[in-house]
Amino acid sequence: MKPSQNEKDAFLNDFFDAEKSASPIVGDELINAILDDAKTAQLPKSAIAPTIDGPNIWEQIANAFGGWRVAAALATCVCMGVGLGYTSSISEVIGTDYAVAGEEEFELGLSGLFDVAEL
Amino acid sequence: MAFDATNEISDDALMVLYANGDEQAAHLLASRHVSRVLALAYRMLNDRTEADDVAQDAMLRLWKIAPKWRQGEAKVSTWLYRVASNLCTDRLRKRRGTGLDDVPEVEDDAPSVEADIMARDRATALRNALQQLPERQRLAVTLRHIEELANPEIAEIMGISVEAVESLTARGKRGLAEILSDQKSKIGLAT
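Fair warning: this is a prediction, and the values are worked out from it, not measured in the lab.

Basis of the calculations
- Residues numbered from 1 in each chain as written.
- Chains lettered and ligands numbered in written order.
- Predicted model: local features only at pLDDT ≥ 70, side-chain atom pairs only at ≥ 80, totals over all residues.
- Helix = DSSP H or I, 4+ residues; strand = E, 2+ residues; numbered from the N terminus.
- Buried ≥ 20, exposed ≤ 12 C-beta atoms within 10 Å, placed from the backbone.
- Axes fitted to C-alpha atoms, helices over the stretch in contact; angles between N-to-C directions.
- Parallel < 35°, antiparallel > 145°, perpendicular 65-115°, else oblique.
- Left-handed = near helix turned anticlockwise from the far one by under 90°.
- Contact = placed C-beta atoms within 7 Å.
- Nonpolar A, V, L, I, M, F, W, Y, C, P; charged D, E, K, R; others polar.
- Expected span 1.5 Å × (residues − 1).
- Arc of directions from axis to C-beta.
- Bend = angle between axes of the 7 residues up to and from the residue.

Draft legend 1. Local environment of the overall build of chain A. Broken down by element type, chain A carries five helices and zero strands. Going from N to C terminus, chain A has its helices and strands arranged as α-α-α-α-α. Counting over 119 residues, chain A shows a buried share of 8%.

Draft legend 2. The packing of helix H2 (residues 23-45) of chain B against helix H6 (residues 135-146) of chain B, seen in detail. Residues and elements named next belong to chain B. For the pair H2 and H6, interaxial distance at closest approach is 10 Å and the crossing angle is 140°. Between H2 and H6, the angle is such that the two are oblique. The element H2 and its partner H6 pack so that their crossing is right-handed. Here H2 contributes Leu40, Arg43 and Met44 to the contact with H6, which in turn contributes Arg138, Leu139, Thr142 and Ile146. Of the residues belonging to the contact of H2 with H6, the class tally is four nonpolar, one polar and two charged.

Draft legend 3. Looking closely at the packing of helix H2 (residues 28-41) of chain A against H2(B). Two elements in contact, H2(A) and H2(B), have axes whose closest approach is 10 Å; the angle formed by their N-to-C orientations is 140°. The pairing of H2(A) with H2(B) is recorded here as oblique in orientation. The hand of the H2(A)/H2(B) crossing is right-handed. Of the residues in H2(B), those in contact with A:Ile31, A:Ile34, A:Leu35, A:Ala38 and A:Lys39 of H2(A) are B:Glu23, B:Ala26, B:His27, B:Ala30 and B:Val34. Class assignment for the residues of the contact of H2(A) with H2(B) results in seven nonpolar, one polar and two charged.

Draft legend 4. Inspection of unusual backbone geometry at higher detail. Residues and elements named next belong to chain B. Residues other than glycine seldom take positive phi values, yet Asn46 does so here, at roughly 55°. For Asn46, the location among the structural elements is in the loop between H2 and helix H3 (48-65). Looking at Asn46, the number of C-beta atoms within 10 Å reads 18, which means it is partly exposed. The phi dihedral of Glu148 falls on the positive side, at around 60°, and the residue is not glycine.

Draft legend 5. Fine view of helix H1 (residues 5-20) of chain A. Residue and element names in this part refer to chain A. Between its first and last C-alpha, H1 extends 22 Å over 16 residues, near the 22 Å set by a 1.5 Å rise per residue. If you check which residues of H1 are buried, you get Leu12, Phe15, Phe16, Ala18 and Glu19. Along the axis of H1, the buried positions cluster into a sector of 165°, meaning they face one direction only. When the buried face of H1 is taken as reference, the exposed residues oriented beyond 90 degrees from it are Asn6, Glu7, Ala10 and Asn13.

Draft legend 6. Here's a closer look at H2(B). Residues and elements named next belong to chain B. Taking 1.5 Å per residue, 23 residues should reach 33 Å; H2 reaches 31 Å between its end C-alpha atoms and fits that length. Along H2, the sharpest kink reaches roughly 40°, centred on His33. Immediately beyond the C-terminal end of H2, within one or two residues, lies Asn46, with a positive phi of roughly 55°.

Draft legend 7. Highlighting the interface of chain A and chain B. Tallying the contact residues gives 25 residues for chain A and 33 residues for chain B. Elements with a contribution of two residues or more to the side of chain A that touches chain B: H1 and H2 of chain A.

Draft legend 8. Spotlight on the environment of B:Leu180. Structurally, B:Leu180 is set in helix H8 (residues 162-181). Once residues lying within four places of it in the same chain are set aside, the contact partners of B:Leu180 are A:Phe15, B:Ala125 and B:Ala129.

See below:
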């Protein structure tokens, strides 16, 4: 007759129990070697370099220009300068504006109301 | 560190203390874990000298990783079992490569009373039978039935699924039962 699963398990458990009680004992030599390794691997506090919490490269660049406020103002000025550089000239801009204003005066019938010669 | 409070300190905390230069933390970690690592290595390799080397190497790796240890990510014991089992696998592969896989049978001639002799014979027989199992089955059976770890932890150690652990332990036990049943008469077990 074949043994049942329980019988098989009980049979093996006897072996497992015997093996559990026969665990190897840690020798003094081994434990000393392990603790020596622990000392060697442990960095002395004096050997640990202190971390430097200084500004990073971008902060250093911004500081060189007088901080982020100055850098932001400078960047705004540069943008305005580039924008103005794209227009043909400053007088052309002003002339266009005056011409538009004159056309509006004519359309509203206001051109004769304030004749400079009559003043 | 107060000595009476040492049992309440978690392994994670001890790792931090060790990394910060506390020597007592190393003593405590070693006292908690070396015996388990050594037992696993001995059962895997069936060679005391090699098992000692594996235990020392595994602990050295623990000391080295201490400054980078991430608390709560893995248990120290699980991490150590994993490292030790990998070290054992490396050694078993080297043995195969150099034709040294035929490990001599363990013999224990120390005098003892009859019951002790029987228990020792059983332990020796089991250890020899374990050597005949494939490595993965041997590791799974050892961790499950001798080290008494839970299947999810074994799965983490071996880097496999829980189902795979169950399958390995079941096959391992079947294999052990077959090997050991042939030796019943030798080791004083009634059929």
